Number of protein chains: 2
Amino acid sequence: MEFKIREGEIKDMASVLELIKELANFEKEPDAVEIDMYDLIKHGFSSKPSFKIFVAQMKDDIVGMVLFYPRFSTWKGQSLHLEDLIVREEKRGLGIGKALYTKFLEYAQKQKMNRVEWVVLDWNKNAIDFYEKTGAKILKDWRTVQMDKEALKEFVKNKK
Amino acid sequence: MEFKIREGEIKDMASVLELIKELANFEKEPDAVEIDMYDLIKHGFSSKPSFKIFVAQMKDDIVGMVLFYPRFSTWKGQSLHLEDLIVREEKRGLGIGKALYTKFLEYAQKQKMNRVEWVVLDWNKNAIDFYEKTGAKILKDWRTVQMDKEALKEFVKNKK
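Residues numbered from 1 in each chain as written. Chains lettered and ligands numbered in written order. Predicted model: local features only at pLDDT ≥ 70, side-chain atom pairs only at ≥ 80, totals over all residues.

So what's going on with the sheet that holds strand β1 (residues 4-7) of chain A? Residues and values would help.
Ordered in space as β1(A)-β2(A)-β3(A)-β4(A)-β5(A)-β7(B)-β6(A), the seven strands form an open sheet in which the pairing is mixed. The open sheet terminates on both sides in strands that have one partner only, identified here as β1 and β6 (137-139) of chain A. Strand-to-strand twist in this sheet, taken as the mean axis angle between neighbours without regard to direction, amounts to 30 degrees. Judged from the ten bridges that link them, strand β3 (residues 61-73) of chain A and strand β4 (residues 77-87) of chain A form a sheet pairing that is antiparallel. Counted as the bridge partner of methionine 65 of chain A is isoleucine 86 of chain A from β4 of chain A. Across the sheet, helix α3 (residues 96-110) of chain A touches β1, β2 (52-58), β3, β4 and β5 (115-121) of chain A, and the angle it forms with β3 of chain A is around 30 degrees. (Pairing = 2+ DSSP bridges. Helix = DSSP H or I, 4+ residues; strand = E, 2+ residues; numbered from the N terminus. Axes fitted to C-alpha atoms, helices over the stretch in contact; angles between N-to-C directions. Contact = placed C-beta atoms within 7 Å.)

Can you explain the relation of the copies chain A and chain B? Please cite residues and give values.
Between chain A and chain B, the superposition needs a rotation of 180 degrees and an axial shift of 0.0 Å, giving an RMSD of 0.0 Å. Accordingly, the operation relating the two chain copies is best matched by a two-fold axis. Considering only C-alpha atoms, the residue of chain A closest to the rotation axis is arginine 143 of chain A, which sits at 3.3 Å. When you check the interface residues of chain A against chain B, 100% turn up at the interface there too, and the contact is symmetric in its surfaces. (Least-squares fit on C-alpha atoms with pLDDT ≥ 70 in both.)

Tell me about unusual backbone geometry, and please be specific about residues and values.
Residue and element names in this part refer to chain A. A positive phi angle, near 65 degrees, is found at lysine 28, a position not held by glycine. Structurally, the position occupied by lysine 28 is in the loop between α1 (13-26) and α2 (37-44). You can call lysine 28 exposed: it has 10 C-beta atoms within 10 Å. (Buried ≥ 20, exposed ≤ 12 C-beta atoms within 10 Å, placed from the backbone.)

Could you give an account of the packing of helix α5 (residues 149-158) of chain A against helix α3 (residues 96-110) of chain B, naming the residues involved and the relevant values?
For the pair α5 of chain A and α3 of chain B, the least separation of the axes is 10 Å and the interaxial angle reads 120 degrees. Between α5 of chain A and α3 of chain B, the angle is such that the two are oblique. The crossing of α5 of chain A and α3 of chain B is left-handed. Residue-level contacts link Leu152, Lys153, Phe155 and Val156 of chain A of α5 of chain A to Leu105, Glu106, Ala108 and Gln109 of chain B of α3 of chain B. Classifying every residue of the contact of α5 of chain A with α3 of chain B by side-chain character gives five nonpolar, one polar and two charged. (Parallel < 35°, antiparallel > 145°, perpendicular 65-115°, else oblique. Left-handed = near helix turned anticlockwise from the far one by under 90°. Nonpolar A, V, L, I, M, F, W, Y, C, P; charged D, E, K, R; others polar.)

Go over the pairing of strand β4 (residues 77-87) of chain B with me, naming the residues and quoting the values.
All names here are of chain B. Counting the residues that bridge the hairpin from strand β3 (residues 61-73) to β4 gives three residues. With three bridges joining them, β4 and strand β5 (residues 115-121) adopt parallel strand pairing. Opposite leucine 80, over in β5, you have valine 116 as the bridge partner.

Report on the interface of chain A and chain B, specifying residues and quantitative values.
Chain A puts 61 residues into the contact, and the matching count from chain B is 62 residues. Of the residues assigned to the side of chain A that touches chain B, the class counts are 30 nonpolar, 13 polar and 18 charged. With seven bridges joining them, strand β7 (residues 142-148) of chain A and β5 of chain B adopt antiparallel strand pairing. Directly across from arginine 143 of chain A, in β5 of chain B, lies its bridge partner valine 120 of chain B.

Any chance you could break down the packing of helix α1 (residues 13-26) of chain B against helix α2 (residues 37-44) of chain B for me, citing the residues and the numbers?
Residues and elements named next belong to chain B. Packing of α1 against α2 brings their axes to within 9 Å, and their N-to-C directions diverge by 115 degrees. Here α1 lies roughly perpendicular to α2, going by the angle between them. The two elements α1 and α2 meet at a crossing, and its hand is right-handed. Residues Met13, Ala14, Val16 and Leu17 of α1 form the contact with α2, whose own contacting residues are Met37, Leu40 and Ile41. Here the residues of the contact of α1 with α2 sort into seven nonpolar, no polar and no charged.

Take a look at the structure:
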């Protein structure tokens, strides 16, 4: 059951998309994934990539991944946002998630980031316990606000 | 009481930092701002800027700003994150906040963003009402998780 962590490459993106869909399913939003493999390739491997990714490989299979990108806090300065940390369900309990998480945090420290940040579902107690045990803090009083493409179009059209 | 909205320039960053500190104070975190004017200049006006900013100018004064940067959603693709939308307290009620918000959303649509996103404090009812009225959604079950520089260092040191 050995695995290795390495930087993600274009050839991994089909497997990465599968992992993204598996996570959306776990988060009870099976239809939420609107991107495809070509979006991952286009935005992750251009001259100005939108994200960076490490994958966990076991024999020839991609069994996990961590995907992240820079943000800028007007309080703390440069930070990294962990967008997704995913391990294929049947490969959990082998330390793959911890290894990906550690790789991400080591990378953040090497890049002299002042903060790392992500979001968690409030009912995902296992994840919350894990994050808190590693020194992360859950902010209780902040809420995420989103405006989707349709609402954006509607607002811009009618604003006057 | 006329104002104009324009792109922020290096010369505005001293005023922008003042606005950032005013917001931190409102959010009951007066000591949270660790960056200085030079961080704003360095990270906002390099060849690979970490953020983009529009300011509201009234006569010679900067009285408001909106600061944002790209993110990447593994569900929706490219998005923009609104980090701060601030209007100086004594200039509220003149439509400056709405104008900055609109400018940001117009920019997002022009850039073909699939989503815009930000966070709000759960007790800031005025802000929440405003956002919802404009078509944004408050996600009730997601929580922000943060690991600061010290916790990051501690984790990386002791992980094994």
